[in-house]
Amino acid sequence: FSKRLAKRDFNKPTDPIALYDTLDRASDKGELRKVQVEVLEAWHNERRVERDVILKLHTGQGKTLIGLLMLQSKINEGVGPAVYLCPNNYLIDQTCSQARQFGVKYCVADPDIPADFTDSKAILITSVQKMFNGRTKLGIGLQSTKVGSLVMDDCHACIDSIRESFTVRFSKDDPIYRQLLNLFSSSLESQGAGTFADIQNGESNA
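Summarised in this report is the structure supplied together with it. For clarity, every value in this text was computed on a predicted model and none was experimentally measured.

### As for the packing of aromatic side chains
Here's step 1: Summed over the entire model, instances satisfying the criterion amount to 1 aromatic pair.
Here's step 2: When the centroid spacing of 6.1 Å and the interplanar angle of 45 degrees are considered together, the rings of Y20 and F102 count as tilted. Note that Y20 is positioned in helix α2 (residues 16–22) and F102 in helix α5 (residues 89–102), a separation of 82 residues in sequence. The two residues Y20 and F102 agree in class, both being buried.

Structure representation (C-alpha coordinates):
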(Lines give C-alpha, C1' and ligand atoms only; values in the text may rest on other atoms or scores of the structure.)
Protein backbone atom coordinates (compact mmCIF):
# COMPACT_ATOMS: atom_id res chain seq x y z
CA PHE A 1 0.00 0.00 0.00
CA SER A 2 2.80 2.41 0.87
CA LYS A 3 4.38 1.88 -2.55
CA ARG A 4 1.06 2.60 -4.25
CA LEU A 5 0.46 5.72 -2.17
CA ALA A 6 3.96 6.99 -2.84
CA LYS A 7 3.25 6.95 -6.58
CA ARG A 8 0.10 9.07 -6.35
CA ASP A 9 0.26 12.36 -8.19
CA PHE A 10 -0.38 15.23 -5.81
CA ASN A 11 0.55 17.90 -8.34
CA LYS A 12 -2.63 18.05 -10.39
CA PRO A 13 -3.10 21.65 -11.54
CA THR A 14 -6.04 23.62 -10.18
CA ASP A 15 -5.42 26.61 -12.45
CA PRO A 16 -7.84 25.82 -15.32
CA ILE A 17 -5.54 27.41 -17.91
CA ALA A 18 -2.54 25.32 -16.80
CA LEU A 19 -4.89 22.34 -16.63
CA TYR A 20 -5.89 22.83 -20.27
CA ASP A 21 -2.26 22.40 -21.34
CA THR A 22 -2.15 18.95 -19.68
CA LEU A 23 -5.18 17.57 -21.55
CA ASP A 24 -4.75 14.95 -24.25
CA ARG A 25 -6.88 16.88 -26.72
CA ALA A 26 -7.50 16.36 -30.44
CA SER A 27 -4.81 17.63 -32.81
CA ASP A 28 -7.08 20.33 -34.25
CA LYS A 29 -7.75 21.86 -30.81
CA GLY A 30 -5.31 24.71 -30.30
CA GLU A 31 -4.90 27.31 -27.59
CA LEU A 32 -7.76 28.70 -25.54
CA ARG A 33 -9.47 31.75 -27.00
CA LYS A 34 -8.78 35.13 -25.43
CA VAL A 35 -12.29 35.40 -23.96
CA GLN A 36 -11.97 31.91 -22.43
CA VAL A 37 -8.65 32.83 -20.84
CA GLU A 38 -10.13 36.05 -19.42
CA VAL A 39 -13.13 34.25 -17.93
CA LEU A 40 -11.07 31.41 -16.46
CA GLU A 41 -8.49 33.80 -14.98
CA ALA A 42 -11.23 35.91 -13.37
CA TRP A 43 -12.96 32.83 -11.95
CA HIS A 44 -9.75 31.19 -10.68
CA ASN A 45 -8.25 34.35 -9.14
CA GLU A 46 -11.37 36.05 -7.81
CA ARG A 47 -14.42 33.78 -7.66
CA ARG A 48 -13.54 30.10 -7.27
CA VAL A 49 -14.48 30.10 -3.58
CA GLU A 50 -17.88 31.72 -4.24
CA ARG A 51 -20.87 29.41 -3.93
CA ASP A 52 -22.90 30.63 -6.93
CA VAL A 53 -21.36 32.08 -10.09
CA ILE A 54 -23.27 32.99 -13.28
CA LEU A 55 -21.34 32.99 -16.56
CA LYS A 56 -22.82 34.81 -19.56
CA LEU A 57 -21.20 34.62 -22.99
CA HIS A 58 -22.43 34.88 -26.55
CA THR A 59 -23.19 31.67 -28.45
CA GLY A 60 -20.07 30.04 -29.87
CA GLN A 61 -17.58 31.55 -27.41
CA GLY A 62 -16.80 28.26 -25.69
CA LYS A 63 -18.92 28.18 -22.53
CA THR A 64 -19.04 24.37 -22.52
CA LEU A 65 -15.25 24.00 -22.40
CA ILE A 66 -15.04 26.70 -19.72
CA GLY A 67 -17.56 24.78 -17.59
CA LEU A 68 -15.71 21.49 -18.05
CA LEU A 69 -12.37 23.09 -17.12
CA MET A 70 -13.90 24.68 -14.01
CA LEU A 71 -15.27 21.31 -12.88
CA GLN A 72 -12.00 19.47 -13.56
CA SER A 73 -10.18 22.21 -11.65
CA LYS A 74 -12.47 21.66 -8.64
CA ILE A 75 -11.92 17.88 -8.85
CA ASN A 76 -8.14 18.45 -8.88
CA GLU A 77 -8.58 20.72 -5.86
CA GLY A 78 -10.32 17.87 -4.05
CA VAL A 79 -13.83 19.33 -4.32
CA GLY A 80 -15.66 16.47 -5.99
CA PRO A 81 -17.64 14.68 -7.32
CA ALA A 82 -18.53 17.04 -10.18
CA VAL A 83 -21.68 17.23 -12.31
CA TYR A 84 -22.35 18.97 -15.64
CA LEU A 85 -26.12 19.35 -16.05
CA CYS A 86 -27.84 19.86 -19.42
CA PRO A 87 -31.51 20.65 -20.11
CA ASN A 88 -31.89 18.03 -22.87
CA ASN A 89 -30.27 15.01 -24.55
CA TYR A 90 -29.03 17.07 -27.52
CA LEU A 91 -26.87 19.21 -25.22
CA ILE A 92 -25.71 16.11 -23.34
CA ASP A 93 -24.41 14.63 -26.62
CA GLN A 94 -22.82 17.96 -27.55
CA THR A 95 -21.10 18.28 -24.16
CA CYS A 96 -19.83 14.67 -24.25
CA SER A 97 -18.44 15.32 -27.74
CA GLN A 98 -16.59 18.42 -26.50
CA ALA A 99 -15.21 16.54 -23.49
CA ARG A 100 -13.90 13.80 -25.82
CA GLN A 101 -12.32 16.27 -28.23
CA PHE A 102 -10.55 18.17 -25.45
CA GLY A 103 -9.50 15.11 -23.43
CA VAL A 104 -11.63 15.82 -20.36
CA LYS A 105 -12.57 12.61 -18.50
CA TYR A 106 -16.33 12.21 -18.28
CA CYS A 107 -19.03 9.61 -17.70
CA VAL A 108 -22.80 9.36 -18.14
CA ALA A 109 -25.54 8.00 -15.88
CA ASP A 110 -26.79 5.26 -18.14
CA PRO A 111 -28.33 3.31 -16.54
CA ASP A 112 -26.69 3.81 -13.12
CA ILE A 113 -24.39 6.33 -11.46
CA PRO A 114 -20.80 5.30 -12.43
CA ALA A 115 -18.09 4.71 -9.83
CA ASP A 116 -15.78 7.06 -11.76
CA PHE A 117 -18.15 9.88 -10.81
CA THR A 118 -18.49 9.02 -7.12
CA ASP A 119 -14.71 8.48 -6.91
CA SER A 120 -14.11 11.93 -8.50
CA LYS A 121 -12.26 10.40 -11.45
CA ALA A 122 -14.59 11.81 -14.12
CA ILE A 123 -17.21 14.52 -14.58
CA LEU A 124 -20.77 13.21 -14.72
CA ILE A 125 -22.57 14.69 -17.74
CA THR A 126 -26.30 14.19 -17.38
CA SER A 127 -29.71 15.81 -17.71
CA VAL A 128 -31.30 18.09 -15.16
CA GLN A 129 -34.31 15.74 -15.19
CA LYS A 130 -32.19 12.84 -13.89
CA MET A 131 -30.93 14.86 -10.96
CA PHE A 132 -34.08 16.74 -10.00
CA ASN A 133 -36.97 14.34 -9.58
CA GLY A 134 -38.63 12.40 -6.78
CA ARG A 135 -36.79 9.19 -7.71
CA THR A 136 -33.41 10.62 -8.66
CA LYS A 137 -30.60 8.08 -9.03
CA LEU A 138 -28.42 10.41 -6.99
CA GLY A 139 -30.61 9.64 -3.97
CA ILE A 140 -32.56 11.82 -1.57
CA GLY A 141 -31.80 13.03 1.95
CA LEU A 142 -29.39 10.88 3.95
CA GLN A 143 -29.18 8.40 1.05
CA SER A 144 -28.05 11.04 -1.45
CA THR A 145 -24.72 11.07 -3.30
CA LYS A 146 -22.46 13.97 -2.35
CA VAL A 147 -21.83 16.50 -5.13
CA GLY A 148 -18.90 18.85 -4.66
CA SER A 149 -19.33 21.11 -7.67
CA LEU A 150 -21.94 21.55 -10.36
CA VAL A 151 -22.30 23.42 -13.66
CA MET A 152 -25.79 24.03 -15.02
CA ASP A 153 -25.73 24.69 -18.78
CA ASP A 154 -28.52 26.94 -20.12
CA CYS A 155 -29.76 27.54 -16.58
CA HIS A 156 -33.05 29.16 -17.66
CA ALA A 157 -34.14 25.97 -19.42
CA CYS A 158 -32.85 23.87 -16.50
CA ILE A 159 -34.83 25.92 -13.97
CA ASP A 160 -37.99 25.46 -16.05
CA SER A 161 -37.40 21.69 -16.04
CA ILE A 162 -36.80 21.63 -12.27
CA ARG A 163 -40.00 23.59 -11.66
CA GLU A 164 -41.90 21.22 -13.94
CA SER A 165 -40.55 18.17 -12.05
CA PHE A 166 -41.96 19.44 -8.77
CA THR A 167 -45.27 20.80 -10.08
CA VAL A 168 -48.55 18.94 -9.73
CA ARG A 169 -51.50 20.12 -11.84
CA PHE A 170 -55.21 19.55 -11.26
CA SER A 171 -58.18 20.82 -13.21
CA LYS A 172 -60.30 23.28 -11.22
CA ASP A 173 -63.17 20.79 -11.67
CA ASP A 174 -61.20 18.14 -9.80
CA PRO A 175 -62.26 17.70 -6.11
CA ILE A 176 -58.58 17.75 -5.12
CA TYR A 177 -58.25 21.27 -6.55
CA ARG A 178 -60.93 22.58 -4.18
CA GLN A 179 -59.35 20.77 -1.22
CA LEU A 180 -55.94 22.28 -1.97
CA LEU A 181 -57.44 25.73 -2.45
CA ASN A 182 -59.16 25.48 0.93
CA LEU A 183 -55.98 24.17 2.58
CA PHE A 184 -53.85 27.09 1.35
CA SER A 185 -56.55 29.79 1.27
CA SER A 186 -55.23 31.87 4.20
CA SER A 187 -51.66 31.80 2.85
CA LEU A 188 -52.80 32.71 -0.68
CA GLU A 189 -54.99 35.54 0.60
CA SER A 190 -52.13 36.97 2.69
CA GLN A 191 -49.88 36.95 -0.40
CA GLY A 192 -52.43 38.88 -2.46
CA ALA A 193 -56.10 39.34 -1.64
CA GLY A 194 -56.99 40.50 -5.17
CA THR A 195 -55.27 37.56 -6.87
CA PHE A 196 -56.86 35.15 -4.38
CA ALA A 197 -60.29 36.57 -5.24
CA ASP A 198 -59.51 36.04 -8.95
CA ILE A 199 -58.52 32.42 -8.21
CA GLN A 200 -61.81 31.86 -6.38
CA ASN A 201 -63.68 33.39 -9.32
CA GLY A 202 -61.95 31.01 -11.76
CA GLU A 203 -59.76 33.56 -13.57
CA SER A 204 -57.41 31.42 -15.67
CA ASN A 205 -54.47 33.84 -15.57
CA ALA A 206 -54.49 34.23 -11.76
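### Things to note about the packing of helix α3 (residues 34–47) against helix α4 (residues 63–77)
Here's step 1: At a minimum axis separation of 11 Å, α3 and α4 run at an interaxial angle of 30 degrees. Relative to α4, the element α3 is oriented roughly parallel. Considering the relative orientation of α3 and α4, their crossing is right-handed. Only L65, I66, L69, M70, S73 and K74 of α4 make contact with α3, whose side of the interface consists of Q36, V39, L40 and W43.
Here's step 2: Among the residues making up the contact of α3 with α4, the classes are represented as 7 nonpolar, 2 polar and 1 charged.

### Looking at the sheet that holds strand β4 (residues 149–152)
Here's step 1: One open sheet accounts for 4 strands, arranged β2-β3-β1-β4; its pairing is parallel. The open sheet terminates on both sides in strands that have one partner only, identified here as β2 (106–107) and β4.
Here's step 2: Note that strand β1 (residues 82–86) and strand β3 (residues 123–127) share 4 bridges and pair parallel. The residue bridging L85 from the neighbouring strand is T126, located in β3.
Here's step 3: This element, α5, spans β1, β2 and β3 of the sheet and lies at about 160 degrees to β3.

### Here we look at a nonpolar patch on the surface
Here's step 1: On the surface, V168, F170, I176, L180, L183 and F184 cluster together into a nonpolar patch covering about 550 Å² of accessible area.
Here's step 2: Mapped onto the fold, F184 is located in the loop between α9 (175–183) and α10 (185–191).

### Section: the pairing of β1
Here's step 1: Taking burial as the measure, the 5 residues of β1 include 5 buried ones, the bulk of the element.
Here's step 2: Neither face of β1 is left uncovered, since the one carrying A82, Y84 and C86 and the one carrying V83 and L85 both have all their residues buried.
Here's step 3: In this sheet, β4 lies alongside β1 in parallel orientation, the contact comprising 4 bridges. Each residue of the ladder has a partner; that of V83, found in β4, is L150.

### Structural notes on the environment of Q200
Here's step 1: Tracing the backbone through its elements, the reader meets Q200 in helix α11 (residues 193–200).
Here's step 2: Taking the C-alpha atoms as reference, Q200 lies 53 Å from E38; in sequence the two are 162 residues apart.

### Topic: the layout of surface pockets
Here's step 1: Here the largest pocket is characterised by a volume of approximately 1700 Å³.
Here's step 2: Lining the largest pocket are 48 residues, and of these V53, L150, V151, M152 and D153 lie nearest its centre.
Here's step 3: Of all elements in the fold, only α3, α4, α5, β4 and α8 (155–165) reach the threshold of two or more residues within the lining of the largest pocket.
Here's step 4: Here the lining of the largest pocket takes 7 residues from α4, the largest share from any one element.
Here's step 5: Taken together, the residues that form the lining of the largest pocket break down as 20 nonpolar, 15 polar and 13 charged.

### A few points about α4
Here's step 1: With 15 residues, α4 extends 21 Å between its outermost C-alpha atoms, agreeing within 8% with the 21 Å of an ideal straight helix rising 1.5 Å per residue.
Here's step 2: With its phi angle positive at about 100 degrees, G78 sits one or two positions after the end of α4.

### Structural notes on empty space enclosed by the protein
Here's step 1: Counted according to the given criterion, the structure contains 1 cavity of 30 Å³ or more.
Here's step 2: Taken as a whole, the largest cavity encloses approximately 40 Å³ of empty space.
Here's step 3: Tallied by class, residues from the lining of the largest cavity come to 4 nonpolar, 1 polar and 2 charged.

Reading the values: rules and limits
- Residues numbered from 1 in each chain as written.
- Predicted model: local features only at pLDDT ≥ 70, side-chain atom pairs only at ≥ 80, totals over all residues.
- Heavy atoms only, no water.
- Phe/Tyr/Trp six-rings, centres within 6.5 Å; stacked < 30°, edge-to-face > 60°.
- Helix = DSSP H or I, 4+ residues; strand = E, 2+ residues; numbered from the N terminus.
- Buried < 20%, exposed > 50% of the residue type's maximum accessible area, 1.4 Å probe, protein only.
- Axes fitted to C-alpha atoms, helices over the stretch in contact; angles between N-to-C directions.
- Parallel < 35°, antiparallel > 145°, perpendicular 65-115°, else oblique.
- Left-handed = near helix turned anticlockwise from the far one by under 90°.
- Contact = heavy atoms within 4.5 Å.
- Nonpolar A, V, L, I, M, F, W, Y, C, P; charged D, E, K, R; others polar.
- Pairing = 2+ DSSP bridges.
- Patch = residues over 30% accessible without salt bridge, like charges linked within 9 Å, V, L, I, M, F, W, Y side chains within 5 Å.
- Areas by Shrake-Rupley, 256 points an atom, 1.4 Å probe, with all protein chains shown as cover.
- Salt bridge = Lys/Arg side-chain N within 4 Å of Asp/Glu carboxyl O.
- 1 Å grid on protein atoms, 1.4 Å probe; cavity = no way out; pocket = protein on both sides within 12 Å on 5 of 7 lines; lining within 4 Å.
- Points joined across faces, edges and corners; volume = space filled by probe spheres on them.
- Expected span 1.5 Å × (residues − 1).

Treat this as a map of the structure, not an account of what it does.
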